[in-house]
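Fold and geometry: a report
The primary structure of each chain is shown beneath.
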Amino acid sequence: MSKQRKFAVFDIDGTIFRWQLYHELFDAFVDEGLIAVDVAEVVFQAREAWRNRRIDYDKYEQTLVEMMRVSVVGVEESRFNDIADLILKSKGHHVYRYTLKLLKDLKKQGYVIVAISGSYQQLVDRFAELHDIDVAVGRDHEIENGRLTEAATEIFGRKDAVLRDIVTRHDLDFADSYAVGDSGGDIAMLGIVEHPIAFNPDARLKEHAMAHGWPVVIERKSIVYELRKEGDGPYLLA
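Attention in this report is confined to the structure presented alongside it.

What counts as what
- Positions within a chain are numbered from 1, following the residues in the order the chain's sequence is written.
- Thresholds applied to this predicted model are a pLDDT of at least 70 for local features of residues and 80 or more for the giving and counting of side-chain atom pairs; totals over whole chains, interfaces and linings are not thresholded and use all residues.
- Side-chain calculation: all heavy atoms of the structure are included, whereas hydrogens and water are not.
- By convention in these notes, a salt bridge is any Lys or Arg side-chain nitrogen within 4 Å of a carboxyl oxygen on Asp or Glu.
- In this text, helices come from DSSP runs of H or I with a minimum length of four residues, and strands from runs of E with a minimum of two, each type numbered from the N-terminal end.
- Relative accessibility decides the category of a residue: with a 1.4 Å probe and only protein chains considered, values under 20% of the type maximum give buried, values over 50% give exposed, and everything between is partly exposed.
- When DSSP locates at least two bridges between a pair of strands, those strands are taken to pair.
- Residues form patches when they are more than 30% accessible in relative terms and have no salt bridge. Like charges link within 9 Å. Nonpolar side chains (Val, Leu, Ile, Met, Phe, Trp, Tyr) link within 5 Å.
- All accessible areas in this document rest on Shrake-Rupley with a 1.4 Å probe, and a residue is counted as covered only by the protein chains that are shown.
- Residues scored as positive are Lys and Arg, those scored as negative are Asp and Glu, and His as well as the terminal groups of each chain are ignored.
- By convention, the point assigned to a charge is CZ for Arg, NZ for Lys, CD for Glu and CG for Asp.
- Under this scheme, a helix contributes an axis fitted over its contacting stretch, all axes are lines through C-alpha atoms, and angles between N-to-C directions fall in the 0 to 180 degree range.
- Contacts were defined at the residue level, with two residues in contact if any of their heavy atoms lie within 4.5 Å.
- In plain words, nonpolar cores are sets of buried Ala, Val, Leu, Ile, Met, Phe, Trp, Tyr and Cys residues tied together by side-chain atoms within 4.5 Å.

**As for the pattern of salt bridges**
Charged atoms that come close allow side chains of opposite charge to pair. Using the criterion set out here, one finds 17 salt bridges in the structure. E66 serves as the salt-bridge partner of R69, at 3.0 Å between the closest nitrogen and oxygen. Note that R69 and E66 are positioned in helix α3 (residues 57-71) at a spacing of three residues, about one turn of the helix. Here R69 falls in the partly exposed class, since its relative accessible area comes to 24%. Using a relative accessible area of 34% as the deciding quantity, one classes E66 as partly exposed.

See the structure below:
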């Protein structure tokens, strides 16, 4: 019987990648004329409202996700792949130092590196190849006659289930496992590993992490601040 392998799982957008692959794809689709003008305007208005603090980030992102779900249907797979190539070629190295170093350090220790992202599989695959990630799962649309269809695997709200499936299929071990995420949508995934890390967390993840004694790591301008809780005491800089 083969020995089960240790693993570390990372979110990508906002965790390794400094922005959102999903958002880069939307902007590229607009530039390529693949987004209807009225649809693009809805997203741009939501983005401006978020930047001006009139709506929260989750509301803006929800608008973007819904508009993209409609817009990708019928797009030629080859064209989608070309756009994904351009995005990763120009911006694939826009990453956080802390998470990339952690990824590399754990890889050297023999960990299987896993990425689970709500971004599209075409982007996730290329990001994984660029950064030596072993297993990568994203939103994957079925292809029919060379074009994306409406049918797709759903990642949002299911990262813990996706991770459990990966662990089973790849004969991985939850013992001494790591997970790193940045948003409330990562809480369930972080909650099933031994070493959860909240990285640049949003308010929901920060509150949950501190309630459960998880490490909180903040990276700003290439300076890393790690907050840890010792026993029943307050969170302190590690």
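**Side note on the pairing of strand β8 (residues 216-220)**
The pairing of strand β7 (residues 195-199) with β8 spans two bridges and is parallel. Within β8, the position partnered with F199 by the bridge is V217. With five bridges connecting them, β8 and strand β9 (residues 223-229) associate as antiparallel partners. Considered in β9, the bridge of E219 is made with V224.

**Things to note about a negative patch on the surface**
Together, D125, E129, D140, E142 and E144 make up a region of like negative charge exposed at the surface. Sorting the residues of the negative patch by element identifies α6 (121-130) and β4 (141-144) as the ones contributing at least two each. Structurally, E144 can be placed in strand β4. Residue classification places E144 among the exposed positions, given a relative accessible area of 52%.

**Quick look at the sheet that holds β8**
Strand order across the open sheet formed by eight strands is β3-β2-β1-β6-β7-β8-β9-β10, with mixed pairing between neighbours. Two strands close off the open sheet at either side, each with one partner strand: β3 (135-139) and β10 (235-237). Shown here is a sheet whose adjacent strand axes are inclined to one another by a mean of 20 degrees, direction ignored. Bridge count between strand β6 (residues 172-181) and β7: four bridges; the pairing is parallel. If you follow Y178 over to β7, its bridge partner there is H195. The strands touched by helix α1 (residues 21-31) within the sheet are β2 (112-120) and β3, with β2 carrying the most contacts at an inclination of about 40 degrees.

**Describing the nonpolar core**
Considering soluble globular proteins, one finds that nonpolar side chains tend to be buried as a cluster. Judged by nonpolar contacts, the single largest core of 51 residues is most densely connected at L25, F29, M68 and F127. In terms of residue count, α1 provides more of this core than any other element does, six residues in total. Sequence-distant contacts of F29, defined by excluding residues within four places in its chain, comprise L34, I35, M68, V72, V75, F80 and I83. Counting residues in each nonpolar core, the second largest holds 25 residues, with V9, A209, W214 and V216 among its members.

**Looking at unusual backbone geometry**
A positive phi angle, close to 60 degrees, is found at D132, a residue other than glycine. Within the secondary structure, D132 is located in the loop between α6 and β3. The class for D132 is partly exposed, based on a relative accessible area of 47%. Backbone geometry at S222 places phi at a positive 70 degrees, although glycine is not the residue there. In this structure, S222 sits in the loop between β8 and β9. Looking at S222, the relative accessible area reads 36%, which means it is partly exposed.

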